Amino acid sequence: MISRRSLLQRFLVTGLLVLCTGFGHVQAAENSIRFQEFSIRIQPPKQLMTSLKLDYDLSDYLREGLLNGLTLQNETRFTLEWHNTWWWNTQKPLVVVKTELKYHPLSKQYQVVREDTKQNWNFPNLPAALEQLGTLSDYRLPAVPEDAWGDNAAIFVTATLTQQSLELPLKLKSLFSDRYSLESDGVLWPIP
């Protein structure tokens, strides 16, 4: 049987390995989302704050769709996960941060809107808009349960980018093709 301490050590070693290798140097396939930066810090008393930066490789289809009026929606999901050696891991959703990206052809501006705060930004080019879309700074995560502290719990983070308004034929096609959306690999951060 594995002790809690050894599980925590495994989580810490995994987190350190990910940090040491550097997210920016990891090679990934085109048409994907990669974590460039990711961190969680504890602000007393037991408040988790996160900052992250995502890098997007959009497919030509998504770029064209954006220019032709499609809205792209980014979802960054934070999940609390408890490791279990005998059964499946237990997961509890914490929060989903949603951000939209639109193109306005008359003004030739890209607009990024964060749904929870209703903040919006306008950019003259796509790379600047994508940088804002994938940036989350000093975001306060919801309070985690007491049993997550000092246990074998971790925060698991993933990001997806999808077209917001797919008509029925495209919704069916999207089930069988990754042409219509992007997904990141997950990042796991142990809670001390």
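Residues numbered from 1 in each chain as written. Predicted model: local features only at pLDDT ≥ 70, side-chain atom pairs only at ≥ 80, totals over all residues. Heavy atoms only, no water.

Naming follows an unreviewed UniProt entry, where the protein chain appears as DUF4390 domain-containing protein of Thiothrix subterranea.

### Overview of the sheet that holds strand β7 (residues 135–140)
A sheet is described by the order of its strands in space; here three strands give the open sequence β1-β2-β7, paired in antiparallel fashion. One side of each edge strand has no neighbouring strand; the edge strands of this open sheet are β1 (33–43) and β7. Ignoring which end each strand starts from, the neighbouring axes of this sheet average 10° apart. With four bridges connecting them, strand β2 (residues 47–56) and β7 associate as antiparallel partners. Among the inter-strand pairings, T50 is bridged to a residue of β7, identified as Y139. (Pairing = 2+ DSSP bridges. Helix = DSSP H or I, 4+ residues; strand = E, 2+ residues; numbered from the N terminus. Axes fitted to C-alpha atoms, helices over the stretch in contact; angles between N-to-C directions.)

### With respect to helix α3 (residues 126–133)
Of the residues making up α3, those classed as buried are L126, A129, L130 and L133. Relative to the axis of α3, the buried residues are bounded by an arc of 100° and lie together on one face. The opening residue of α3 is N125, an N-cap whose side-chain oxygen sits 2.9 Å from the backbone nitrogen of A128. (Buried < 20%, exposed > 50% of the residue type's maximum accessible area, 1.4 Å probe, protein only. Arc of directions from axis to C-beta. Polar contact = N/O pair within 3.5 Å; in protein donor to acceptor, adjacent residues only side chain to side chain.)

### Focus on unusual backbone geometry
The step from P44 to P45 runs through a cis peptide bond, and the omega angle for that step is -5°. At K108, a residue that is not glycine, the phi angle is positive and equals roughly 55°. Its place among the elements puts K108 in the loop between β4 (90–104) and β5 (109–114). Despite not being glycine, D138 has its phi angle at roughly 45°, a positive value. With a relative accessible area of 45%, D138 lands in the partly exposed category.

### A short note on the pattern of salt bridges
Going through the model one piece at a time under the given rule, you end up with nine salt bridges. A salt bridge links E75 to K98, with the nearest nitrogen and oxygen atoms 3.9 Å apart. Here E75 is found in strand β3 (residues 72–82), whereas its partner K98 is found in strand β4, with 23 residues between them in sequence. Exposure remark for E75: the relative accessible area of 13% places this residue in the buried category. Given a relative accessible area of 31%, K98 falls into the partly exposed group. Notably, a salt bridge pairs K102 with E100, separated by 3.8 Å at the nearest N-O pair. Judged by its relative accessible area of 10%, E100 falls in the buried class. Via salt bridges that share partners, R34, D55 and D57 belong to a single interconnected network. (Salt bridge = Lys/Arg side-chain N within 4 Å of Asp/Glu carboxyl O.)

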